[in-house]
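Each chain, written out:
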Amino acid sequence: MKISVQTEHFDIGAETNAFIKLQNGVGAVVTFSGIVRELDDSPMTFMEIEHYPGMTEKAIRGIVNNAVKRWSLGDACVIHRYGRLYVREPIMMVATSAPHRLDAFEAAEFLMDYLKSRAPFWKKEVTQKHASWVAAKDRDEDALRRW
Amino acid sequence: MKISVQTEHFDIGAETNAFIKLQNGVGAVVTFSGIVRELDDSPMTFMEIEHYPGMTEKAIRGIVNNAVKRWSLGDACVIHRYGRLYVREPIMMVATSAPHRLDAFEAAEFLMDYLKSRAPFWKKEVTQKHASWVAAKDRDEDALRRW
Amino acid sequence: MIKILYFAWVRERIGEASESLETEAKTVAELIAELRKKETRYDMAFSDLSALHVAVDQNLTDFDHPLADAKEVAFFPPMTGG
Amino acid sequence: MIKILYFAWVRERIGEASESLETEAKTVAELIAELRKKETRYDMAFSDLSALHVAVDQNLTDFDHPLADAKEVAFFPPMTGG
């Protein structure tokens, strides 16, 4: 169960392969990757992600433990970066493995929904003109209700 | 929109990275990988996958087109092998990209549900003692109803 | 002349992957009835239609599908891809 | 002595990331009332509690949470990870 909160860039494909290599007896692997995307209106200079050292890993571990309790999983992995990130760089990824695909899919969605709204990360988008904190979306809070 | 039906082994991580590299303006990438797993009862010698050349790519293309119509996707990719596969080898993968995670997740699940029951592939598990065709599961047919 | 394809255990029970047939059958169901009369191996392969799928010209369809202009008919068990 | 942490725009409005405070506050709400009296920047940062979350000793909780034995209280906007 790898959990990493880091500033360093990571290679999504390499992490996916490393995760799969550890698995045994699972038929299904799901990954989700979040990537810094261009803003709709003005070019983004960079994204700054702040987090709460100490609480962050604890919160993620709690979320992963809940997923493991609820679904029949082989393993789960969460990598989340903080600091300064540029367009097209990976922000974070989750990976889940399970004997059956529905468990792997649902657990990955659950992890994402909770990481989004319950792990202490805050994103700021910095353009040449503005710097603004990303607002939490109602639909992200709503997404938690399905679990 | 990459669709590949092939006998050759493929590298899940490398395909994931190649897929992501093609994307622009998407924040969310979901992958699903199916891997040959050990049988519960007796050691599997290999899995043999048969398909319907000609129809297979056409069927997959139809499924992917339906996903693209229904969700707001950046791109989608399907790789599916046939022939003789050994334990821990990748059988297939799908990848989806989208501006928002829910689209990427739902489209990937939709692709999997349809590939499972509507693309002309048949799996046979060969052990030292037996060779048996994998039976379709009711729950796989049921899974189509949610879409 | 119509081409008939068999896959997975249907292919194994019938003992061949494909054959070409001159037929007057107007629907898939009529074609199946014709095949079942040919030989026991066909009769057995088609004994439980609920376990079979059919594609006409590479499109999944059902057993009452007409065969007018059809070039290729395929029979196979439920698919197990993914 | 309690350690208070601020994140994201709460940190920016208050102008510091953390501070230590001697307080008699029995709940998070009482602590907020005390802070708001200190200076305008606090008063403004805490003006809309519906836009804020609180963690006591690194666990998310609500504003009526007691502070007995609490070592660390953190205030921040809704999280936007993932």
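Residues numbered from 1 in each chain as written. Chains lettered and ligands numbered in written order. Predicted model: local features only at pLDDT ≥ 70, side-chain atom pairs only at ≥ 80, totals over all residues. Heavy atoms only, no water.

Trainee: Give me the lowdown on the relation of the copies chain B and chain A, citing residues and values where you can.
Mentor: The operation relating chain B to chain A is a screw motion whose rotation component is 180°, with 0.0 Å of axial translation and a residual RMSD of 0.0 Å. Here the two chains are linked by the operation of a two-fold rotation axis. Considering only C-alpha atoms, the residue of chain B closest to the rotation axis is B:Gly13, which sits at 1.8 Å. (Least-squares fit on C-alpha atoms with pLDDT ≥ 70 in both.)

Trainee: Which residues make up the interface of chain B and chain A, and what values go with them?
Mentor: On the chain A side, the residues contacting the 37 residues of chain B number 37 residues. Taking both sides of the interface into account, the surface hidden between chain B and chain A amounts to around 3000 Å²; carbon and sulfur atoms contribute 50%. In terms of surface lost to chain A, no three residues of chain B exceed B:Arg37, B:Arg101 and B:Phe105, which account for 23% of the buried area on that side. At the surface where chain B touches chain A, the tally comes to four salt bridges. B:Asp113 serves as the salt-bridge partner of A:Arg101, at 2.7 Å between the closest nitrogen and oxygen. At the surface where chain B touches chain A, the tally comes to 21 residue pairs in polar contact (both at pLDDT 80 or more). (Contact = heavy atoms within 4.5 Å. Buried area = accessible area lost by both parts, 1.4 Å probe. Salt bridge = Lys/Arg side-chain N within 4 Å of Asp/Glu carboxyl O. Polar contact = N/O pair within 3.5 Å; in protein donor to acceptor, adjacent residues only side chain to side chain.)

Trainee: Could you give an account of the sheet that holds strand S3 (residues 44-51) of chain B, naming the residues involved and the relevant values?
Mentor: All names here are of chain B. Ordered by their spatial adjacency, four strands build an open sheet running S5-S3-S7-S8, and the pairing between neighbours is antiparallel. In the strand order of this sheet, the two ends are held by strand S5 (83-85) and strand S8 (131-133), each with one partner. Here the average twist between neighbouring strands, direction ignored, is 25°. Taken together, the three bridges between strand S7 (residues 121-127) and S8 define a ladder with antiparallel strand orientation. Paired with Lys-124 across the strands is Trp-133, a residue of S8. (Pairing = 2+ DSSP bridges. Helix = DSSP H or I, 4+ residues; strand = E, 2+ residues; numbered from the N terminus. Axes fitted to C-alpha atoms, helices over the stretch in contact; angles between N-to-C directions.)

Trainee: Outline the arrangement of the chains, listing residues and values.
Mentor: Taking contact number as the criterion, the leading pair out of three pairs of chains in contact is chains A and B. With respect to C-alpha atoms, chain A approaches chain C no nearer than 10 Å, and the pair has no contact.

Trainee: Quick rundown of the interface of chain B and chain C? Include the residues and the values.
Mentor: Opposite the 25 residues of chain B that make contact, chain C presents 21 residues. Buried area between chain B and chain C, summed over both chains or domains, comes out near 1800 Å², and the portion from carbon and sulfur atoms is 57%. At the surface where chain B touches chain C, the tally comes to two salt bridges. Note that B:Glu50 and C:Arg11 form a salt bridge whose closest N and O atoms lie 2.4 Å from each other. The tally of links between chain B and chain C comes to 14 residue pairs in polar contact (both at pLDDT 80 or more). Contributions of two or more residues to the side of chain B that touches chain C are made by S3, helix H2 (55-70), strand S6 (90-98), helix H3 (101-118) and S7 of chain B. Of the residues forming the side of chain B that touches chain C, the biggest block, five residues, is contributed by H3(B). A breakdown of the residues in the side of chain B that touches chain C according to their chemical character gives 15 nonpolar, four polar and six charged. (Nonpolar A, V, L, I, M, F, W, Y, C, P; charged D, E, K, R; others polar.)

Trainee: Before we move on, could you go through the sheet that holds strand S3 (residues 53-56) of chain C and cite the residues and values that matter?
Mentor: To summarise the sheet geometry, strands pair through backbone hydrogen bonds and adopt either a parallel or an antiparallel arrangement. Residues and elements named next belong to chain C. Ordered by their spatial adjacency, five strands build an open sheet running S2-S1-S5-S3-S4, and the pairing between neighbours is mixed. Looking at strand neighbours, the two that pair on one side only are strand S2 (18-21) and strand S4 (59-61), the edges of this open sheet. This sheet shows a mean twist of 25° between the axes of neighbouring strands, independent of strand direction.

Trainee: Talk me through unusual backbone geometry; I want residue IDs and the actual numbers.
Mentor: Although it is not a glycine, B:Arg88 sits at a positive phi angle of roughly 80°. Its identity is not glycine, yet D:Asp57 carries a phi of approximately 50°, on the positive side. You can call D:Asp57 partly exposed: its relative accessible area is 29%. (Buried < 20%, exposed > 50% of the residue type's maximum accessible area, 1.4 Å probe, protein only.)

Trainee: I'd love a proper account of the pattern of salt bridges, names of residues and values included.
Mentor: This model, assessed by the stated rule, comprises 30 salt bridges over all chains. Note that B:Glu15 is salt-bridged to B:Lys2, the shortest N-O span being 3.0 Å. Of this pair, B:Glu15 sits in helix H1 (residues 12-22) while B:Lys2 sits in strand S1 (residues 2-6); the two residues are 13 residues apart in sequence, bridging distant segments of the chain. By relative accessible area, which is 19% here, B:Glu15 ends up buried. Residues C:Lys38 and C:Glu19 are paired through a salt bridge, measuring 3.1 Å at the closest nitrogen-oxygen approach. Placement of the pair is C:Lys38 in helix H2 (residues 28-38) and C:Glu19 in strand S2, with a sequence separation of 19 residues.

Trainee: Kindly report on the packing of aromatic side chains, identifying the contributing residues and their values.
Mentor: Counted by the stated rule, this structure contains 28 aromatic pairs over all chains. On the basis of an interplanar angle of 15° and a centroid distance of 5.0 Å, the ring pair of B:Trp122 and C:Phe7 is categorised as stacked. Taken together, the positions of B:Trp122 in strand S7 and C:Phe7 in the loop between strand S1 (2-6) and helix H1 (8-14) put the pair across two chains. Judged by relative accessible area, which is 7%, C:Phe7 ranks as buried. Here a set of aromatic residues connected by ring pairs shows up, and it is made of A:Tyr52, A:Trp122, D:Phe7 and D:Phe76. Directly above the ring of A:Phe46 sits A:Arg84, whose terminal nitrogen or CZ lies 3.8 Å from the centroid. Lying across the ring of C:Trp9, C:Arg13 places its NZ or CZ 4.2 Å from the centre. (Phe/Tyr/Trp six-rings, centres within 6.5 Å; stacked < 30°, edge-to-face > 60°. Lys NZ or Arg CZ within 6 Å of the ring centre and 35° of its normal.)

Trainee: Hey, could you go over the packing of helix H1 (residues 12-22) of chain A against H1(B) for me, with residue numbers and the actual values?
Mentor: Where H1(A) meets H1(B), the closest approach of the two axes is 7 Å, and the angle between their N-to-C directions is 155°. Comparing the axis directions of H1(A) and H1(B) gives the class roughly antiparallel. Relative to H1(B), the crossing made by H1(A) is right-handed. Residues A:Ile12, A:Gly13, A:Ala14, A:Thr16, A:Asn17 and A:Ile20 of H1(A) form the contact with H1(B), whose participating residues are B:Ile12, B:Gly13, B:Ala14, B:Thr16, B:Asn17 and B:Ile20. For the contact of H1(A) with H1(B), the per-class residue count stands at six nonpolar, six polar and no charged. (Parallel < 35°, antiparallel > 145°, perpendicular 65-115°, else oblique. Left-handed = near helix turned anticlockwise from the far one by under 90°.)

Trainee: Describe the environment of A:Phe46, naming the residues involved and giving the relevant values.
Mentor: Residue and element names in this part refer to chain A. With respect to the helices and strands, Phe-46 occurs in strand S3 (residues 44-51). Linking Phe-46 and Thr-127, residues 81 residues apart in sequence, is a C-alpha distance of 6.9 Å. Discounting chain neighbours no more than four positions away, the residues touching Phe-46 are Arg-84, Leu-85, Tyr-86, Lys-124, Glu-125 and Val-126.

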